[in-house]
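Survey of secondary and tertiary structure
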Amino acid sequence: MAQVTITVDGMTQTHEVPPRTLLVHHLRETLGKTGTVVGCDTSNCGACTVLLDGDSVKSCAVLAVQADGATVETVASLADPTGELHPVQQAFHEHHGLQCGYCTPGMLMRSVCLVRENPSPTEDEVREGIKGNMCRCTGYQGIVDAVMAYAETTREEAGR
């Protein structure tokens, strides 16, 4: 067993984990962060995307021990105590960026990271930025529109 201390969605927790435990399984099974979904377990689909120290990563490709001392943001970090949607969630809702919803947690987190890195992405940059996250339902145009709208909202809120 290995001891890991990870700050997840603002709460620092220490746990003993088997050294081969994937971060996605630690998040879901130990910490109860079931919004982070297991998609393919091969890092191909991106459904399990989280932010690790601000960078988007596929949590099925990271061992929990590799996240020791790190900060992880899951889709649950977007939740507002009042129930108000986060701007990225609102944009996905308004622009039909989701259908079955399975890819949505990973898409949301990748979108947050993308807009943090590039507050004014072009449509091509959005398509490039989300290409590691698969969606089998939407055809992607709604997702791209949602990310563009989210970026615009973020710029407006920042006064840019």
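See the structure above.
An account of the accompanying structure is given in this report. Owing to the predicted nature of the structure, the values given are computational and were not obtained by experimental measurement.

1. Some details on the sheet that holds strand β2 (residues 11-17)
If you walk across this open sheet you meet the five strands as β2-β1-β5-β3-β4, and the pairing is mixed. Each edge of the sheet is formed by a strand with only one pairing partner; in this case those strands are β2 and β4 (55-58). In this sheet, adjacent strand axes meet at a mean angle of 40 degrees when their direction is disregarded. The strands touched by helix α1 (residues 23-30) are β1 (2-8), β2, β3 (49-52) and β5 (71-73); relative to β1, the strand with the most contacts, the crossing angle is about 75 degrees. Against the sheet, helix α3 (residues 104-117) engages β3, β4 and β5, with an angle of about 40 degrees to β3.

2. Observations concerning the packing of helix α2 (residues 87-94) against α3
α3 packs onto α2 with a crossing angle of 120 degrees between their chain directions and a minimal axis gap of 10 Å. Between α2 and α3, the crossing angle belongs to the class labelled oblique. Pair α2 / α3 crosses with right-handed handedness. For the pair formed by α2 and α3, the contact residues are V88, Q89 and F92 on the first element and M107, L108, S111 and V112 on the second. Looking at side-chain class alone, the contact of α2 with α3 contains five nonpolar, two polar and no charged residues.

3. Things to note about the pattern of salt bridges
A full pass over the atoms with the stated rule returns six salt bridges. One salt bridge connects R110 with E117, and the closest N-O pair in it is separated by 3.9 Å. Note on R110: relative accessible area 13%, which makes it buried. E123 is the partner of R127 in a salt bridge, and the nearest nitrogen-oxygen pair spans 3.4 Å. Note that R127 and E123 are positioned in helix α4 (residues 123-129) at a spacing of four residues, about one turn of the helix. On the accessibility criterion, E123 (36% relative accessible area) is partly exposed.

4. Re the pairing of β3
Across the two faces of β3 the burial is the same, with T49 and L51 and V50 and L52 all buried. Relative to β4, β3 runs antiparallel, the two being bridged by four bridges. The partner of T49 across the bridge, within β4, is K58.

5. Examining the nonpolar core
When a protein is soluble and globular, its nonpolar side chains tend to lie buried together. Membership of the largest hydrophobic core comes to 23 residues, with the highest contact counts inside it found for L78, V88, F92, M107, I143 and V147. Counting only elements with at least two residues in this core, the list comes to α2, α3 and α5 (141-158). Excluding residues within four positions of it along the chain, F92 makes contact with G97, L98, M107, L108, S111, I143, A146 and V147. V17, L23, A64 and A70 belong to the second-largest nonpolar core, a separate cluster that totals 15 residues.

Reading the values: the criteria
Residues numbered from 1 in each chain as written. Predicted model: local features only at pLDDT ≥ 70, side-chain atom pairs only at ≥ 80, totals over all residues. Heavy atoms only, no water. Pairing = 2+ DSSP bridges. Helix = DSSP H or I, 4+ residues; strand = E, 2+ residues; numbered from the N terminus. Axes fitted to C-alpha atoms, helices over the stretch in contact; angles between N-to-C directions. Contact = heavy atoms within 4.5 Å. Parallel < 35°, antiparallel > 145°, perpendicular 65-115°, else oblique. Left-handed = near helix turned anticlockwise from the far one by under 90°. Nonpolar A, V, L, I, M, F, W, Y, C, P; charged D, E, K, R; others polar. Salt bridge = Lys/Arg side-chain N within 4 Å of Asp/Glu carboxyl O. Buried < 20%, exposed > 50% of the residue type's maximum accessible area, 1.4 Å probe, protein only. Core = buried A, V, L, I, M, F, W, Y, C linked by side-chain atoms within 4.5 Å.

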